[in-house]
Amino acid sequence: MKAQKSLKNVIRRSRLVGTWLLVALALAVAASRSYLLFHTLVEGFSITIAIAVHILATRTFKHSKNAFLLYLGTAYLFVAIIDVAHTMTYYGMNVLPGYGPNTPTQLWIAGRFIEAVSLFIAPTLASRPIPRSALLGAYTTTTIILLGSIMWLKVFPVCFIEGQGLTAFKIAGEYAISILLVGAILQLRSRREQLGLSLYRVMVASMAVNIVAELSFTLYTDVYGIMNFVGHMARLIAFYLIYRGVVIPGIDASYNAITTELKTNAVSDYLTGLYNR
């Protein structure tokens, strides 16, 4: 039995590795033909997963009572909003004309700061609940200020200079984000029993891969360059981990809760609680 189980695990892992190799190859081909296509696919996936986390966390809270996931879901809604702006203004897209390579780079940094700070403080907030309206207000205000300072007022620090590459602010920002993510991992480690081992492991793995992505984004001089590609691939893996470890289990748990409730109602009266004959 043990040998059979081990064989199944090896086959499952081999399939996963093979699938990822095919995905990486397909995306590499897409990037070589059209980097904008590659970038839009990767960002589109991460935005979709971020919104899925938000919907899952907010709509299932009454069943899960998972305050950590609720705060995380709220944060990822606004991360997704900024990432949409980043994708639409990416150099060469021309969806929102009038923006050079600096603007999407600024939006990238803004989105990652919101994400990293949220991951850092979420474990603390989960143990000290605050009204959701206040949380939404804080994120809305922060997002409006960041978008306004980048896209309209243009007072946000310059992150990319065409012909030269990344600025000192952008590089320092990526290192600061990486440090915040390390801090977030340590925060989760001290609360891993409260979170549950499965959620703890997937969040740590996702943040570790995100650190690789952030460090990759300190090394490129071309927004279509190889290190930019590496960073986005790491970002893709990080959100895949969230999808497999947060979204899918969350949907399954909600489905199981609903099924249990329906079964309970089927054998007992909804109003009196007495068992049906």
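The present account deals with the structure reproduced in this document. As the structure is a prediction and not an experimental result, all values here were calculated from the model.

Concerning the layout of surface pockets
Approximately 240 Å³ is the volume found for the second largest pocket. Lining the second largest pocket are Arg12, Arg13, Arg15, Leu16, Val202, Tyr240, Leu241, Arg244 and Gly245. Of the residues in the lining of the second largest pocket, the class split is four nonpolar, one polar and four charged.

Focus on empty space enclosed by the protein
Using the criterion set out here, one finds three cavities of 30 Å³ or more in the structure. Reported here for the largest cavity is a volume of approximately 80 Å³. Contributing to the lining of the largest cavity are His39, His86, Tyr90, Pro104, Thr105, Trp108, Phe217, Tyr220, Val223, Asn228 and His232. Those elements that provide at least two residues to the lining of the largest cavity are helix H5 (102-127) and helix H10 (226-267). Broken down by element, the lining of the largest cavity gets its largest block of residues, three residues, from H5. When its residues are assigned to classes, the lining of the largest cavity shows six nonpolar, five polar and no charged.

Regarding the pattern of salt bridges
Oppositely charged side chains can pair when the atoms bearing their charge come close. Taken as a whole, this structure holds five salt bridges when the rule is applied. Put simply, Arg112 and Glu115 hold a salt bridge, and the shortest N to O gap is 3.0 Å. Taken together, the residues Arg112 and Glu115, both in helix H5 and three residues apart, mark about one turn of the helix. Taking the relative accessible area as the measure of exposure, Arg112 reaches 1% and is therefore buried. With a shortest N-O distance of 2.7 Å, Lys170 and Glu174 are connected by a salt bridge. Taken as a pair, Lys170 and Glu174 lie in helix H7 (residues 168-189) at a separation of four residues, close to a single helical turn. We classify Glu174 as buried; its relative accessible area is 0%. Connected via shared salt-bridge partners are Asp83, Arg112, Glu115 and Arg235.

Basis of the calculations
Residues numbered from 1 in each chain as written. Predicted model: local features only at pLDDT ≥ 70, side-chain atom pairs only at ≥ 80, totals over all residues. Heavy atoms only, no water. 1 Å grid on protein atoms, 1.4 Å probe; cavity = no way out; pocket = protein on both sides within 12 Å on 5 of 7 lines; lining within 4 Å. Points joined across faces, edges and corners; volume = space filled by probe spheres on them. Nonpolar A, V, L, I, M, F, W, Y, C, P; charged D, E, K, R; others polar. Helix = DSSP H or I, 4+ residues; strand = E, 2+ residues; numbered from the N terminus. Salt bridge = Lys/Arg side-chain N within 4 Å of Asp/Glu carboxyl O. Buried < 20%, exposed > 50% of the residue type's maximum accessible area, 1.4 Å probe, protein only.

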